[in-house]
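# Structural features, examined
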Number of protein chains: 2
Amino acid sequence: MSKSPSPVSVLDAQCPSRLVLDRIADKWTALIIQLLSKKTMRYAELHREIGGISQKMLTQTLRSLERDGLVERQVYPVVPPRVEYSLSRLGRTLIAPLRALCRWSEKHLAELQANRARAKAKRDGAENN
Amino acid sequence: MSKSPSPVSVLDAQCPSRLVLDRIADKWTALIIQLLSKKTMRYAELHREIGGISQKMLTQTLRSLERDGLVERQVYPVVPPRVEYSLSRLGRTLIAPLRALCRWSEKHLAELQANRARAKAKRDGAENN
């Protein structure tokens, strides 16, 4: 495939790729895709593994991911119904870029916290003088 | 370096790395860092290049990025003051992961839109039957 310049640009507010970026540049999307990259999971498992996500947010994010064809939802007709989530082929192409963001957050945490503390001290100092 | 398991985990709601992920997994952060990866820019230039960002959102995002030490703000004492933004050393380590997200959005736009349309047609069909 040739790498000719594309008219599609996330910098253009009118370009629909902006909506896609908005969908994937999201903390919950990153965490859900990271978990499903390891295995198919049930709703309750996802809810347990992602600390601090509300049921409403998990349901909403899973629905968007399913609608966009990134996640597949499989319902097994048993009682009570068993519902499992897994990554689609397209969803799997997001594993690497989103994992890179998660790893960055973990790796640079200390540096970022030190920067924040320094900025806060500077601000506080300015207020007291 | 060994790849020993880290106690830092974005999956843990109490881990501060979650806050870092929230900060960087953001559409505006991705766009600002992509632009500053090419050159130092003034506020007005950034505002012009990023279609659809409000002044409030641009100011807020730049302040957070500066506080976290990802962006450096340089004020030149001229009249009117000239203010320039550039990436810090830490900020430059974010170029590659965030560019990957932007490129993904542009590359998979058509597929995602087709999936959305299919999901919508299915939903509409279900409602009419």
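Residues numbered from 1 in each chain as written. Chains lettered and ligands numbered in written order. Predicted model: local features only at pLDDT ≥ 70, side-chain atom pairs only at ≥ 80, totals over all residues. Heavy atoms only, no water.

## Some words on the overall build of chain A
Our working definition: Numbering of helices and strands runs from the N terminus, with a helix taken as a DSSP run of H or I at least four residues long and a strand as a DSSP run of E at least two residues long. For this measure, only C-alpha atoms enter the radius of gyration; the expected value for a globule follows 2.2 Å times N^0.38, where N is the number of residues. Only protein chains enter the accessibility calculation, which uses a 1.4 Å probe; a residue whose area is less than 20% of its type maximum is buried, one above 50% is exposed, and one in between is partly exposed. Contact criterion: two residues are considered in contact whenever any of their non-hydrogen atoms come within 4.5 Å of each other.
Secondary structure assignment for chain A yields seven helices and three strands. Reading chain A from its N terminus to its C terminus gives the helix and strand order α-α-β-α-α-β-β-α-α-α. Its C-alpha atoms give chain A a radius of gyration of 19 Å, clearly above 14 Å, the size a compact globule of 129 residues would have. Its C-alpha atoms give chain A principal-axis dimensions of roughly 70 × 45 × 25 Å. Here chain A holds 129 residues, and the buried ones make up 44% of them. For chain A, the share of sequence-separated contacts (at least 6 apart) that also reach a separation of at least 24 residues comes to 43%.

## A few points about the packing of helix α2 (residues 27-36) of chain A against helix α4 (residues 55-67) of chain A
Residues and elements named next belong to chain A. As a reminder of what qualifies: The axes are straight lines fitted to the C-alpha atoms, using for helices just the contacting stretch, and the angles between their N-to-C directions are given from 0 to 180°. Geometric relationships in this document are graded by angle, where less than 35 degrees denotes roughly parallel, more than 145 denotes roughly antiparallel, 65 to 115 denotes roughly perpendicular, and other angles denote oblique. Lys, Arg, Asp and Glu make up the charged group, whereas Ala, Val, Leu, Ile, Met, Phe, Trp, Tyr, Cys and Pro make up the nonpolar group; the residues left over, Gly among them, are polar.
The interhelical angle for the contact between α2 and α4, taken along N-to-C directions, is 75 degrees, at an axis separation of 10 Å. Taken together, α2 and α4 sit at an angle that is classed as roughly perpendicular. Counted together, W28, T29, I32 and I33 of α2 and M57, L58, T61, L62 and L65 of α4 form the full contact between these two elements. When grouped by side-chain class, the residues that make up the contact of α2 with α4 number seven nonpolar, two polar and no charged.

## A look at the relation of the copies chain B and chain A
Here is the rule: In this comparison the copies share one frame, found by least squares on the C-alpha atoms of residues holding pLDDT of at least 70 in both.
At an RMSD of 0.0 Å, chain B and chain A line up after a rotation of 180 degrees and a shift of 0.0 Å along the axis. Within this description, the copies of the chain are treated as partners about a two-fold rotation axis. Judged by C-alpha distance, A25 of chain B is the residue of chain B that lies nearest the rotation axis, at 2.3 Å. Same-surface contact between copies: 100% of interface residues of chain B are shared with the interface of chain A.

## Describing the interface of chain B and chain A
For clarity, the threshold we go by: Using a 1.4 Å probe, buried area is obtained as the accessible area two parts lose upon being combined, added over both of them. By definition, a salt bridge exists where a carboxyl oxygen of Asp or Glu is found within 4 Å of a side-chain nitrogen of Lys or Arg. Pairs of N or O atoms are called polar contacts if they sit within 3.5 Å, as long as, within protein, a hydrogen donor faces a hydrogen acceptor (for residues adjacent in sequence, only side-chain-to-side-chain pairs).
Contact with chain B, which involves 51 residues of that partner, is made by 51 residues of chain A. Buried surface at the junction of chain B and chain A, both sides included, amounts to about 4600 Å², of which 69% is carbon and sulfur. Interface area lost by chain B to chain A is led by L11, W104 and R116 of chain B, which between them contribute 15%. On inspection of chain B and its partner chain A, the count reaches six salt bridges. The interface formed by chain B and chain A holds 16 residue pairs in polar contact (both at pLDDT 80 or more) in total.

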